[in-house]
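Coordinate inspection notes
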Amino acid sequence: MGTTEATLRMENMEVKDEWQDEDFPRYDPSTFQGGGVSSSHRKRRTLIAPEMNLSLDQSEGSLLSDDFLDTPDDLDINVDDIDTPDETDSLEFITNGNDLEWEDDTPVASAKANPADGSGEVGADGNPNNGRLWRTVIIGEQEHRIDMQVIRPYLRVITHGGYYGEGLNAIIVFSACYLPDSSCPDYHYIMENLFLYVVSSLEMLVAEDYLIIYMNGATPRSRMPGISWLKKCYQMIDRRLRKNLKSLVIAHPTWFIRTVLAISRPFISVKFMNKIQYVHSLDELAEIVPMEHVHVPECVVQFDEERIKARRER
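Sequence order as written defines the numbering, with residues in each chain counted from 1. Per-residue local features are limited, in this predicted model, to residues with pLDDT of at least 70; the limit for side-chain atom pairs, both in listing and counting, is 80 or more; totals at the level of whole chains, interfaces and linings are taken over all residues. Side-chain metrics in this entry use all non-hydrogen atoms of the structure; hydrogen atoms and water are not considered.

Let's talk about the overall build of the protein chain
Going by this rule: Helix and strand definitions follow DSSP, with helices as H or I runs of at least four residues and strands as E runs of at least two, each counted in order from the N terminus. Think of it in three bands: with a 1.4 Å probe and only protein chains considered, a residue is buried below 20% of the maximum accessible area for its type, exposed above 50%, and partly exposed in between.
Along the backbone of the protein chain there are nine helices and eleven strands. Per-residue burial over the protein chain gives 34% buried out of 314 residues.

What follows is the structure in structure tokens.
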């Protein structure tokens with residue numbers, strides 16, 4: 001309270017004399033000379049506070065009266081002049097053109113409106129309060145936002161499998177068995193965000209030449225990506241990535257994946273089609289690619305063992 005207005009206004013203090021002895025002075029003929037007090041009895045001065053009204057009303061003399069609440073002009077604060085953060089401000093971590101930010105609002109930019117997450121929670125502003133994690137990426141000089149929460153169960157669909165040959169020739173593993181089932185809710189929304197994640201991951205993982213291993217084994221038909229999804233991936237891949245791709249190795253191909261590739265010929269270049277190879281077992285794959293750092297899903301390993309066992313029985 002402004003140090004209580006200079007310690008309750010020192011100018012109102014009274015100065016009175018007080019005896020320093022422990023007891024009040026008593027009459028003593030030996031010490032009483034000339035009607036005065038002996039010099040041995042020293043006196044000190046003390047400050048006596050003025051009377052104050054400690055009530056909480058604003059009457060005269062109260063602590064809440066205008067006399068005590070006055071503040072200097074230079075301490076006046078205008079709240080309207082204080083800068084406060086805007087509602088749309090967010091904390092961003094920028095690394096290699098990719099931003100991460102927490103946001104409780106619905107996405108703007110290129111992503112579609114959030115699908116209902118089933119919580120039904122609504123914020124004070126009337127918008128859904130999902131508390132999702134968003135990643136902002138740059139693909140083809142265009143900014144996109146990825147809903148990282150909705151694709152969290154499917155992030156293993158693309159992994160880095162080490163390097164081959166000399167230099168930084170990356171091995172990229174695409175495991176189709178980790179794709180979402182087409183019967184799951186919000187399937188198209190998930191695939192749209194997963195598509196952006198795959199394309200942006202390629203740009204981050206690839207430095208020079210690279211090859212892609214497409215793990216097709218043990219993938220049910222309901223998890224197979226559609227032709228439109230593959231076409232969109234191909235068209236949005238940067239020209240540098242298309243040129244630096246040396247091989248697309250498809251492990252355990254089925255008639256369905258062969259049919260999809262055959263239908264895709266009109267929008268896929270001949271050079272790209274010539275880079276496609278088929279291998280029918282993991283042993284055959286190991287003859288082409290070093291497998292030390294390649295993550296092979298357990299279901300693919302079991303699928304490969306069953307096929308080898310069935311082949312031997314025949």
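Read on, since the account is not over.
Points about the pairing of strand E9 (residues 210-215)
Going by this rule: Paired strands are those between which DSSP finds at least two bridges. If you view a crossover with the strands going away from you and the path from the first strand over the helix to the second runs clockwise, you call it right-handed.
Within E9, six of the six residues are buried, which leaves it mostly tucked inside the rest of the structure. Alternating residues of E9 divide into Tyr 210, Ile 212 and Tyr 214 and Leu 211, Ile 213 and Met 215, and every residue in both groups is buried. In the sheet, strand E8 (residues 170-175) pairs with E9 via six bridges, with the strands oriented parallel. Its bridge partner being in E9, Phe 174 is matched across the sheet by Tyr 214. Handedness of the β-α-β unit built from E8, helix H3 (residues 187-205) and E9 comes out right-handed. Two strands pair when backbone bridges link them, and E9 and strand E10 (residues 245-251) are joined in this way by six bridges, in the parallel orientation. By the bridge assignment, Leu 211 is partnered in E10 with Ser 247.

Some remarks on the confidence of the model for the protein chain
Quick reminder of the rule: Confidence scores here are pLDDT values: one per residue, from the predictor, ranging 0 to 100. Note on contacts: a residue pair is in contact if any heavy atoms of the two residues lie within 4.5 Å.
Model confidence for the protein chain is summarised by a mean pLDDT of 74, while 58% of its residues fall at 70 or above. Scored below 50 in pLDDT, residues 1-10 shows 13 contacts in the model against residues more than four places distant or in partner chains.

So, the sheet that holds strand E11 (residues 276-279)
The criterion, for reference: Fitted lines through C-alpha atoms serve as axes, helices being fitted only where they are in contact, and the angles separating the N-to-C directions of these axes extend from 0 to 180 degrees.
Taken together, five strands build an open sheet; the order of strands is E7-E8-E9-E10-E11 and the sheet is mixed. Every interior strand has two partners, whereas the edge strands, strand E7 (158-163) and E11, have only one. This sheet shows a mean twist of 25 degrees between the axes of neighbouring strands, independent of strand direction. Inspection of the sheet shows E7 paired to E8 by four bridges, in the antiparallel sense. Paired with Tyr 163 across the two strands is Ala 170, which belongs to E8.

Description of the nonpolar core
The cut-off we apply is this: The set of buried Ala, Val, Leu, Ile, Met, Phe, Trp, Tyr and Cys residues whose side-chain atoms join them within 4.5 Å is what this entry labels a nonpolar core.
Judged by nonpolar contacts, the single largest core of 67 residues is most densely connected at Tyr 210 and Met 215. Once residues lying within four places of it in the same chain are set aside, the contact partners of Met 215 are Val 173, Phe 174, Ser 175, Ala 176, Cys 177, Ala 251, Leu 285, Val 294, Val 296 and Val 300.

Focus: the packing of H3 against helix H4 (residues 227-236)
Each pair of packed helices gets described by two things: the angle between the helix axes and the distance between those axes. Put simply, the rule reads: Crossing handedness is defined as follows: a turn of the near helix away from the far one that is anticlockwise and smaller than a right angle gives a left-handed crossing, while the clockwise case is right-handed. Charged means Asp, Glu, Lys or Arg here, nonpolar means Ala, Val, Leu, Ile, Met, Phe, Trp, Tyr, Cys or Pro, and polar covers whatever is left, Gly included.
The N-to-C vectors of H3 and H4 enclose an angle of 35 degrees; their axes lie 10 Å apart at closest approach. Here the hand of the crossing between H3 and H4 comes out right-handed. On the side of H3, the interface is formed by Met 191, Phe 195 and Val 199, while H4 contributes Trp 229, Lys 232, Cys 233 and Met 236. Tallied by class, the residues present in the contact of H3 with H4 amount to six nonpolar, no polar and one charged.

Observations regarding H4
Quick note on the threshold: Directions pointing from the helix axis toward each C-beta atom define the arc.
Burial in H4 covers these residues: Trp 229, Cys 233 and Tyr 234. Buried residues of H4 fall within an arc of 135 degrees about the axis and therefore sit on the same side. Turning to H4, the residues buried within the fold contact E8, H3, helix H5 (239-244) and helix H7 (270-274).

A look at a positive patch on the surface
Just so we agree on the cut-off: Here a patch means residues that are over 30% exposed by relative accessible area and free of salt bridges, tied together within 9 Å if like-charged and within 5 Å if nonpolar (Val, Leu, Ile, Met, Phe, Trp, Tyr). The method behind every accessible area is Shrake-Rupley, applied with a 1.4 Å probe, and residues are considered shielded solely by the protein chains displayed. Note on definitions: salt bridges are taken to be side-chain nitrogens of Lys or Arg within 4 Å of carboxyl oxygens of Asp or Glu. Lys and Arg are tallied as positive, Asp and Glu as negative. Neither His nor the chain termini are counted. Lys charges are placed at NZ, Arg charges at CZ, Asp charges at CG and Glu charges at CD.
On the surface, Arg 239, Lys 243, Lys 246 and Lys 271 cluster together to form a positively charged patch. Residue placement: Arg 239 occurs in helix H5.

Focus: unusual backbone geometry
Glycine aside, residues mostly have negative phi angles, and peptide bonds mostly take the trans form. For Asp 186, which is not glycine, the phi torsion reads 55 degrees and is therefore positive. By secondary structure assignment, the location of Asp 186 is in the loop between E8 and H3. On the basis of relative accessibility, which here comes to 34%, the residue Asp 186 falls in the partly exposed class. In this structure, Ala 218 is a non-glycine residue whose phi angle is positive, near 60 degrees. For Ala 218, a relative accessible area of 29% translates into the label partly exposed.

Section: the environment of Pro 290
Its place among the elements puts Pro 290 in the loop between helix H8 (282-286) and helix H9 (298-313). Sequence-wise, Pro 290 and Tyr 163 are 127 residues apart; in three dimensions their C-alpha atoms are separated by 8.0 Å.

Regarding empty space enclosed by the protein
Selection rule: Using a grid of 1 Å spacing that covers the protein atoms alone, one calls a set of points a cavity when a 1.4 Å probe fits there but cannot get out, and a pocket when the set is open and has protein on both sides within 12 Å along at least five of seven lines; lining residues are those with an atom within 4 Å of a point. Grid points are joined across faces, edges and corners, and a volume is the space filled by probe spheres set on the points.
Tallied over the entire structure, the rule returns one cavity of 30 Å³ or more. The computed volume of the largest cavity comes to approximately 500 Å³. Along its surface, the largest cavity is lined by 26 residues, and Ile 212, Leu 230, Cys 233, Leu 248 and Phe 272 are the ones closest to its centre. Of all the secondary structure elements, the ones that give two or more residues to the lining of the largest cavity are E8, H3, E9, H4, H5, E10 and helix H6 (255-263). Examining the composition of the lining of the largest cavity, we find that five residues originate from one element, H4, more than from any other. When grouped by side-chain class, the residues that make up the lining of the largest cavity number 23 nonpolar, one polar and two charged.

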